[in-house]
Amino acid sequence: MILEKLKLKVVKQIDNAVFEVSNAEGMVFYWIDHPKAKALIAQQGAHLVSYRPNPGEETLWLSDDSLFTKGKAIRGGVPICWPRFGNLGDDSLPKHGFARTSLWSLDETNTSEDSCSIRLSLNQSATPGIALTCLFTFTDNLCLDLITENNSDDNFEFTGALHSYFITDVKKLHIGSLGAQYFDALTQKVAVESAGFKLSEETDRIYLQSADSNLISNGERSLTIHHSGNDSVVVWNPGEQLANQIDDVSDYRQFICVETAITQSPVCLAPKQSHCLQQIIS
Ligand SMILES: O=P(O)(O)OC[C@H]1O[C@H](O)[C@H](O)[C@@H](O)[C@@H]1O
């Protein structure tokens, strides 16, 4: 179980189904133990580390080599990339932005018999007047809403992603409804795969014509990922060679990233406007 694996100790109970827990280094997590799901969210990055629906199995891959250290993104789960995806836009920001390594605040939890929700927010001095909120709602599925609100007097532009790592077996993996055409970030060229998705060694693709939902299956298990507020779906797996160069990827054969992403042009929010990037896992 994830609490034992990460050596987490309960600090306090927040409501019927939500507990604050922490590791030896003092990193804070929220543990959800509800009839609909068990889940773990790190305060750093509002990073969903584990999600097990009930009934069901663990859905998210977490690297055995992930460092749970302040300021270093967790490898696995659902990193929040914001306010930039990859190296798009403002070069003064870290790759994938700062949301995944910043400390968020717990705003509220809401638990009933049929659902549990938890909301965290990030107020960063780097983006004054911009409120970033992540709402996790556990019912028969999991809904992640990443909401950007512009409370400043100027326009605000951002890209980003809900960069989910799903457990799979890359040899048997199939992903449905991605569309044939994609931008290959490795060759920097548009490519077409008419026979359906097939994972190659290293895979880093931006799908622009994906359906709103993708079925990820590997024979024994399948998941549906629903996207909204995005302009693309990114599919990433480092393959053997690159995985060997990344110090915190324990086994590249066990996961696929399917990311609800904004990569094509930044979302531009006028003052008082808001945007919701949403991923539903069922
Ligand atoms: O290693 P990270 O900074 O977490 O990035 C991991 C990966 O994220 C995305 O999927 C990008 O498309 C990849 O180019 C990148 O390598």
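Residues numbered from 1 in each chain as written. Predicted model: local features only at pLDDT ≥ 70, side-chain atom pairs only at ≥ 80, totals over all residues. Heavy atoms only, no water.

K.L.:
Which residues make up the UniProt feature "active site" (unreviewed entry) in the protein, and what values do they have?
P.N.:
Taken from the UniProt record, the annotation "active site" (unreviewed entry) applies to H163 and E259. Spatially, the listed residues are clustered: although they cover 97 residues, their C-alpha atoms lie within 4.5 Å of one another. In this structure, H163 sits in strand β11 (residues 156-167). Not counting residues within four places of it along the chain, the set of residues in contact with H163 comprises G77, V78, P79, C81, H96, W236, C257 and E259. Looking at where E259 falls in the secondary structure, it is placed in strand β19 (residues 255-269). (UniProt positions renumbered as here; feature names shortened; annotations may be inferred. Helix = DSSP H or I, 4+ residues; strand = E, 2+ residues; numbered from the N terminus. Contact = heavy atoms within 4.5 Å.)

K.L.:
How would you sum up the pairing of strand β9 (residues 130-138)? Please name residues and give values.
P.N.:
For β9, the buried fraction is high: seven of the nine residues fall into the buried class. Sheet topology places strand β8 (residues 116-122) next to β9; seven bridges connect them, and they run antiparallel. Of the residues in β9, the one forming a bridge with L120 is C134. Pairing of β9 with strand β10 (residues 142-150) involves nine bridges; the strand directions are antiparallel. Looking across to β10, one finds that L135 is bridged to D145. (Buried < 20%, exposed > 50% of the residue type's maximum accessible area, 1.4 Å probe, protein only. Pairing = 2+ DSSP bridges.)

K.L.:
How would you sum up the packing of aromatic side chains? Please name residues and give values.
P.N.:
Counted according to the given criterion, the structure contains twelve aromatic pairs. Ring geometry for Y165 and F255: centres 5.2 Å apart, planes at 50 degrees, overall tilted. Remark: F255 occurs in strand β19 and Y165 occurs in strand β11; sequence separation between them is 90 residues. The structure contains a cluster of three or more aromatic residues connected by ring pairs, namely W61, Y165, W236 and F255. Above the ring of Y182, the side-chain terminus of R205 is found at 4.4 Å from the ring centroid. (Phe/Tyr/Trp six-rings, centres within 6.5 Å; stacked < 30°, edge-to-face > 60°. Lys NZ or Arg CZ within 6 Å of the ring centre and 35° of its normal.)

K.L.:
I'd like to hear about the pattern of salt bridges, residue by residue, with values.
P.N.:
The full count for this structure, using the stated rule, is 14 salt bridges. E193 serves as the salt-bridge partner of R205, at 3.3 Å between the closest nitrogen and oxygen. Of the two residues, R205 is situated in strand β15 (residues 203-207) and E193 in the loop between β14 (189-192) and β15; the sequence distance between them amounts to twelve residues. Summarising the burial analysis for this pair, R205 and E193 share the class buried. (Salt bridge = Lys/Arg side-chain N within 4 Å of Asp/Glu carboxyl O.)

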